[in-house]
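Each chain, letter by letter, is given below.
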Amino acid sequence: MGKAFNVSLAVFAAAGSFLFGYDAGVMTDVIASPHFLKYFNTDQESPIIGAINSTFNGGAVFGALMGGLTMDRFGRRMTILIGGLICCVGAILQSAAAHLAMILVGRIFAGWAVGLLSMAVPVYQSECAHPNIRGMIVGIAQQMIGVGFIVSTWIGYGCAQAPPTSSLQWRFPLAFQLIPAGMLSLGIMFFPESPRHLMETDREEEAMRVLQKLHADGTNEEWIQREFHEIKTTIAAEKAVSVPGWRIMFTVPQWRTRLMHGVAVQVFTQFTGINVIGYYQNSMYKGLGITGNRALLVSGIYNCVGPLANLIFIVFILDRVGRRKPLLWGTIGITLALISEAIVNSQITQDAKGNNFPTSKNNSLSIAGVFFLFSVSVIFSLSFGPISWVYMSEVMPMQIRARGNAFATGIGNWLVSTFWAQVSPTALKELHWKFYFLFVAWNLLVTFPIIYFFFKETNQVSLEDIDLLFGERALGTLPDDLHKDGVVVHAAAQEVETQHEVEGKKA
């Protein structure tokens with residue numbers, strides 16, 4: 001079946017990423033619903049709204065970390081299935097909410113599911129992808145996150161036309177996620193398990209069949225045999241080291257370095273400010289004098305722009321230009337856009353109630369403000385959006401791939417996102433345009449230097465050969481006292497290492 005099947009697998013699995021985007025985006029319109037605010041006796045700038053968003057992110061931290069255990073024990077597909085089922089529970093609780101506690105618990109369940117899916121889907125995609133198109137394959141995850149945002153926004157916009165007395169304004173958008181969650185749960189087990197997980201669990205014949213199904217095009221049998229041998233050899237070396245617990249990720253120097261790369265790219269993604277804009281763009285539009293249905297309409301257009309840019313990038317650009325250059329240029333572009341946005345906001349004049357004075361200058365500034373927010377989305381989609389998932393899933397060695405991606409997603413993405421979700425409503429209210437400079441300072445002082453000096457270029461390198469970018473093959477550099485942490489290196493590991501050295505000399 002080859003490339004077509006590989007792409008279809010990636011797209012279907014990315015229904016989990018769709019749920020990520022939908023669940024994160026749906027609350028933008030829900031918390032703007034007059035009926036929702038009246039029903040729960042709150043307003044858009046209250047700590048309750050921050051709590052609704054931060055409980056979702058907090059649940060995602062737990063879900064992502066849990067995924068490190070379920071992926072090793074039950075596999076990649078089963079972890080995605082569990083995430084889909086938990087999402088169904090969360091959707092039912094939220095859409096049927098009779099009081100605030102049900103909303104909060106439902107958001108925790110939804111976050112739990114999205115946390116599992118956000119780390120499992122890129123790993124599943126990357127382990128099934130051909131190195132030459134891995135950027136595009138894993139980039140589909142970010143594409144579907146964007147599509148989820150689009151669908152959530154336009155469903156929210158449509159439901160906002162319901163009468164102010166109707167709970168349809170917010171119940172239907174929250175219930176809609178049952179459809180993709182149910183489809184994912186019913187369909188994922190019809191796709192094959194990752195060949196690398198099959199090899200790790202001693203199902204070599206099945207792993208070969210899956211490799212054939214994923215990559216065979218009638219002309220590359222030799223490449224498939226070589227890929228099979230390399231996966232088998234590398235996993236044999238890694239399995240020769242029994243690695244209990246999570247502490248080992250911080251003990252082996254190479255693994256610790258690679259883990260930090262995965263965490264860093266996720267943290268840097270959050271410090272672009274993209275999720276703050278996604279969650280609270282209606283509040284930002286209000287600061288630009290755009291309110292009501294007009295704000296919802298602008299929000300809907302905003303959520304379409306990023307995925308379109310992302311699609312062009314992953315299909316035509318990503319696997320040609322690599323990972324580092326787009327991240328560096330993206331950091332510069334987003335920083336300039338945020339500085340411009342802050343300057344525009346600082347020049348808008350408002351009355352005592354926070355409403356813009358109806359002047360031609362303010363109208364022009366409002367248009368400019370929207371343009372720079374849109375610019376952040378486009379630049380993000382040409383850099384951190386897809387690459388954060390691609391790079392994270394690539395740099396982790398097989399032995400800690402599940403736990404490493406779980407840690408990077410849970411801590412680097414969701415824990416930092418939880419922080420911004422909680423503090424942003426207050427920060428926007430108190431700091432106004434000065435808030436943007438927090439992200440500007442981080443990008444200039446932390447993100448750009450670390451990417452420039454430390455990030456590796458992983459483009460079109462096999463997952464096994466990425467070991468060599470970090471200095472060692474398979475096992476990394478094991479410290480002399482590693483046995484004290486419960487790790488035993490078997491003789492087989494040394495034999496495999498020797499085999500690699502011999503092969504290297506022959507080459």
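Just above, that's the structure.
Throughout what follows, the structure given in this document is the object of discussion.

Reading the values: rules and limits
- Residues numbered from 1 in each chain as written.
- Predicted model: local features only at pLDDT ≥ 70, side-chain atom pairs only at ≥ 80, totals over all residues.
- Heavy atoms only, no water.
- Helix = DSSP H or I, 4+ residues; strand = E, 2+ residues; numbered from the N terminus.
- Contact = heavy atoms within 4.5 Å.
- Areas by Shrake-Rupley, 256 points an atom, 1.4 Å probe, with all protein chains shown as cover.
- Axes fitted to C-alpha atoms, helices over the stretch in contact; angles between N-to-C directions.
- Parallel < 35°, antiparallel > 145°, perpendicular 65-115°, else oblique.
- Nonpolar A, V, L, I, M, F, W, Y, C, P; charged D, E, K, R; others polar.
- Salt bridge = Lys/Arg side-chain N within 4 Å of Asp/Glu carboxyl O.
- Buried < 20%, exposed > 50% of the residue type's maximum accessible area, 1.4 Å probe, protein only.
- Core = buried A, V, L, I, M, F, W, Y, C linked by side-chain atoms within 4.5 Å.
- Arc of directions from axis to C-beta.
- Left-handed = near helix turned anticlockwise from the far one by under 90°.
- Polar contact = N/O pair within 3.5 Å; in protein donor to acceptor, adjacent residues only side chain to side chain.
- Phe/Tyr/Trp six-rings, centres within 6.5 Å; stacked < 30°, edge-to-face > 60°.
- Lys NZ or Arg CZ within 6 Å of the ring centre and 35° of its normal.
- Patch = residues over 30% accessible without salt bridge, like charges linked within 9 Å, V, L, I, M, F, W, Y side chains within 5 Å.
- Expected span 1.5 Å × (residues − 1).

## Some remarks on the overall build of the chain
The number of helices and strands found in the chain is 24 helices and 2 strands. Sequence-distant contacts, at least 24 apart, represent 83% of the contacts inside the chain between residues at least 6 apart. Carbon and sulfur atoms provide 66% of the accessible area of the chain, an area that totals close to 19600 Å².

## Some points on the packing of helix H1 (residues 3-13) against helix H6 (residues 100-128)
A pair of packed helices is captured by two measures, namely the crossing angle of their axes and the spacing between those axes. Packing of H1 against H6 leaves a shortest axis separation of 10 Å and a crossing angle of 175°. Here H1 is positioned roughly antiparallel relative to H6, judged by the angle of their axes. When H1 is examined against H6, the residues Asn-6, Leu-9, Ala-10 and Ala-13 are found in contact with a partner set consisting of Val-121, Tyr-124, Gln-125 and Cys-128. For the contact of H1 with H6, the residue count by class is 6 nonpolar, 2 polar and no charged.

## A word on the pattern of salt bridges
In this structure the tally under the stated criterion is 12 salt bridges. Two residues, Glu-222 and Arg-226, come together in a salt bridge whose shortest N-O distance is 3.8 Å. One end of the pair is Glu-222 and the other is Arg-226, both in helix H12 (residues 221-239) and 4 residues apart, which spans about a single turn. The shortest N-O distance in the salt bridge between Asp-319 and Arg-323 comes to 3.5 Å. For Asp-319, a relative accessible area of 13% puts it in the buried group. Taken together, the shared-partner salt bridges connect Arg-134, Asp-319, Arg-323 and Glu-394 into one network.

## Re the nonpolar core
Core analysis: the largest hydrophobic core is formed by 145 residues, its most contacted members being Phe-36, Tyr-285 and Trp-414. Top contributing element to this core by residue count: H6, with 12 residues. Beyond its immediate chain neighbours, meaning those up to four positions away, Tyr-285 contacts Ile-290, Ala-295, Val-298, Ser-299, Tyr-302, Leu-373 and Phe-374.

## Concerning H1
Among the residues of H1, those classed as buried are Phe-5, Asn-6, Leu-9, Ala-10 and Ala-13. Angularly, the buried residues of H1 cover 135° about the axis, an arc narrow enough to put them on a single face. Of the exposed residues in H1, the ones pointing more than 90 degrees away from its buried face are Lys-3 and Ala-4.

## Considerations on the packing of H1 against helix H7 (residues 134-159)
Put simply, H1 and H7 touch, their axes get as near as 8 Å, and they point 25° apart. Our classification of the angle between H1 and H7 gives roughly parallel. Like other packed secondary-structure pairs, H1 and H7 cross with a definite hand, here right-handed. Where H1 approaches H7, its residues Asn-6, Val-7, Ala-10 and Val-11 are matched on the opposing element by Met-136, Ile-137 and Ile-140. Within the contact of H1 with H7, the residues separate by chemical class into 6 nonpolar, 1 polar and no charged.

## Concerning the side chain of Ser-54
Relative to the helices and strands, Ser-54 is located in helix H4 (residues 47-74). Its relative accessible area of 10% is what places Ser-54 among the buried residues. From its side chain, Ser-54 meets the backbone oxygen of Ala-51 in a polar contact 3.3 Å long. Leave out the neighbours within four places in its chain, and Ser-54 touches Thr-418, Ala-421 and Gln-422.

## Quick word on unusual backbone geometry
Positive phi is not limited to glycine here, since Asn-41 has a value of about 50°. Structurally, the position occupied by Asn-41 is in the loop between helix H3 (34-39) and H4. Judged by relative accessible area, which is 69%, Asn-41 ranks as exposed. Not every positive phi belongs to a glycine, and Gln-460 is a case in point at roughly 60°. Structurally, Gln-460 is set in the loop between helix H22 (436-454) and helix H23 (466-469).

## Things to note about the packing of aromatic side chains
Per the counting criterion, the structure on display carries 30 aromatic pairs. Chaining the aromatic ring pairs together yields one cluster made of Phe-271, Phe-419, Trp-420, Phe-435, Phe-439 and Trp-442. Above the plane of the ring of Tyr-39 lies Arg-171, whose end atom (NZ or CZ) is 5.5 Å from the centre. The side chain of Lys-456 reaches across the aromatic face of Phe-470, ending 5.8 Å from its centre.

## Focus on a nonpolar patch on the surface
A surface patch of nonpolar side chains, amounting to about 590 Å² of accessible area, comprises Leu-308, Leu-311, Ile-312, Val-315, Phe-316, Ile-317 and Val-321. In terms of residues, the nonpolar patch owes the most to one element, helix H16 (residues 292-316), which gives 5 residues.

## Things to note about helix H11 (residues 204-215)
Taking 1.5 Å as the rise per residue, H11 with 12 residues should run 16 Å; its terminal C-alpha atoms sit 16 Å apart, in good agreement. Among the residues of H11, those classed as buried are Ala-207, Met-208, Val-210, Leu-211, Leu-214 and His-215. The buried residues of H11 occupy an angular sector of 160° when the element is viewed end-on, so they sit on one face. Set apart from the buried face of H11 by more than 90 degrees, the exposed residues are Glu-205 and Arg-209. In this fold, the buried residues of H11 make contact with H1, H6, helix H10 (195-200) and H12.

## Here's the deal with the environment of Asn-405
Secondary-structure assignment places Asn-405 in helix H21 (residues 401-431). Sequence-wise, Asn-405 and Val-395 are 10 residues apart; in three dimensions their C-alpha atoms are separated by 9.4 Å. Those residues within four positions of Asn-405 in sequence are excluded, and the remaining contacts are Met-119, Val-123, Met-392, Ser-393, Met-396 and Ile-400.

## Here we look at the environment of Pro-173
By the element assignment, Pro-173 lies in helix H8 (residues 168-175). The exposure class of Pro-173 is buried, given its relative accessible area of 1%. Measuring from C-alpha to C-alpha, the distance between Pro-173 and Tyr-22 comes to 9.4 Å, with 151 residues separating the pair along the chain.

These figures come from the coordinates and say nothing about function on their own.
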